[in-house]
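Summary of the model geometry
What follows is the residue order along each chain.
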Amino acid sequence: MYKCAAIVLAAGMSTRMGDTNKLLIEIDGTPMIRRTVMTALATCDAPVTVVTGHQSDLIKAALSGLPVTFVFNPNYAKGQKISVACGLNASPEAESTLVVLGDQPRLTPQHLSWLLAQQNAAKITIPICGENRGNPIVVPHALMPRLLADKRNPGCYMFTRQNPDLVKFVETGQHPFFQDIDKPEDLDNLTQQEELTP
């Protein structure tokens, strides 16, 4: 069994970004999805599982040359929970599995390593800042089957809300855990923050 695996969600339609697939937008000269996957690869000892759907061929091309496993979600239009289930089913066995959004370009291996160090082997670990939940989350091996047991609502969203006793919230002010890119203004804010960084 591996120590750490990662599922990177890259199947969404980016509807709030207009005609642009946000995951293909370049950040510092590198497609957003490639930056995220490279961060996961630098953190995990297991192969990284990338869940594709919308424009899957373009996503694969953006990740060309990286040692990842692709799993296609034919029902990607039905929402993120289906992609999470696809990833969980395809991910190799590991003590801990990170569920990572593809649109968090400022996450680093140091952020992921810090989050893994906070985990509880019997609970799902979620970063929070006040009332705000962040991503990624860490799923222990023991809970993987339970996330797939509800066929109508697989994955983490409903499970973590219905089973708060099986969740460990870790408070952090590290901004990249709460910074995903959904709309053009999110991208503008990201650029502005970079310009203000000394």
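In short, a report on the structure. The shown structure was predicted, so the numbers you read here are calculated from the model rather than taken from an experiment.

The rules we used
Residues numbered from 1 in each chain as written. Predicted model: local features only at pLDDT ≥ 70, side-chain atom pairs only at ≥ 80, totals over all residues. Heavy atoms only, no water. Pairing = 2+ DSSP bridges. Helix = DSSP H or I, 4+ residues; strand = E, 2+ residues; numbered from the N terminus. Right-handed = clockwise from strand over helix to strand, strands pointing away. Contact = heavy atoms within 4.5 Å. Core = buried A, V, L, I, M, F, W, Y, C linked by side-chain atoms within 4.5 Å. Buried < 20%, exposed > 50% of the residue type's maximum accessible area, 1.4 Å probe, protein only. Expected span 1.5 Å × (residues − 1). Arc of directions from axis to C-beta.

1. Overview of the pairing of strand β5 (residues 68-72)
- Pairing of strand β4 (residues 48-52) with β5, which is carried by 5 bridges, proceeds in the parallel orientation. Note that in β5 the partner of T49 across the bridge is T69.
- As a crossover connection, the stretch from β4 through helix α2 (residues 56-62) into β5 is right-handed.

2. So, the side chain of T52
- Assignment of secondary structure puts T52 in strand β4.
- In this structure T52 touches A10, A11, I59, F70, V71, F72 and N73, once residues within four positions along its chain are discounted.

3. Some thoughts on the nonpolar core
- The biggest cluster of nonpolar side chains holds 25 residues, and the ones touching the most others in it are V8, I33, V37, V48, V50, L63 and L98.
- Going through the elements one at a time, β1 (2-10), α1 (32-43), β4, α2, β6 (94-101) and α4 (109-117) are the ones with two or more residues in this core.
- If one sorts the elements of this core by residue count, β1 sits on top with 4 residues.
- Leaving out residues up to four positions away in the same chain, L98 has contacts with C4, A5, A6, I7, C44, L112, L115, L116, P136, I137 and V138.

4. Structural notes on unusual backbone geometry
- N135 connects to P136 through a cis peptide bond whose omega is 0°.
- Within the secondary structure, P136 sits in the loop between β8 (132-133) and β9 (137-140).
- A positive phi angle, close to 55°, is found at D28, a residue other than glycine.
- For D28, a relative accessible area of 58% puts it in the exposed group.

5. Description of α1
- Between its first and last C-alpha, α1 extends 17 Å over 12 residues, near the 16 Å set by a 1.5 Å rise per residue.
- Within the sequence span of α1, burial applies to M32, I33, T36, V37, T39, A40 and T43. Axial view of α1: buried residues confined to an arc of 155°, hence all on one face.

These values are about where atoms sit, not about what they do.
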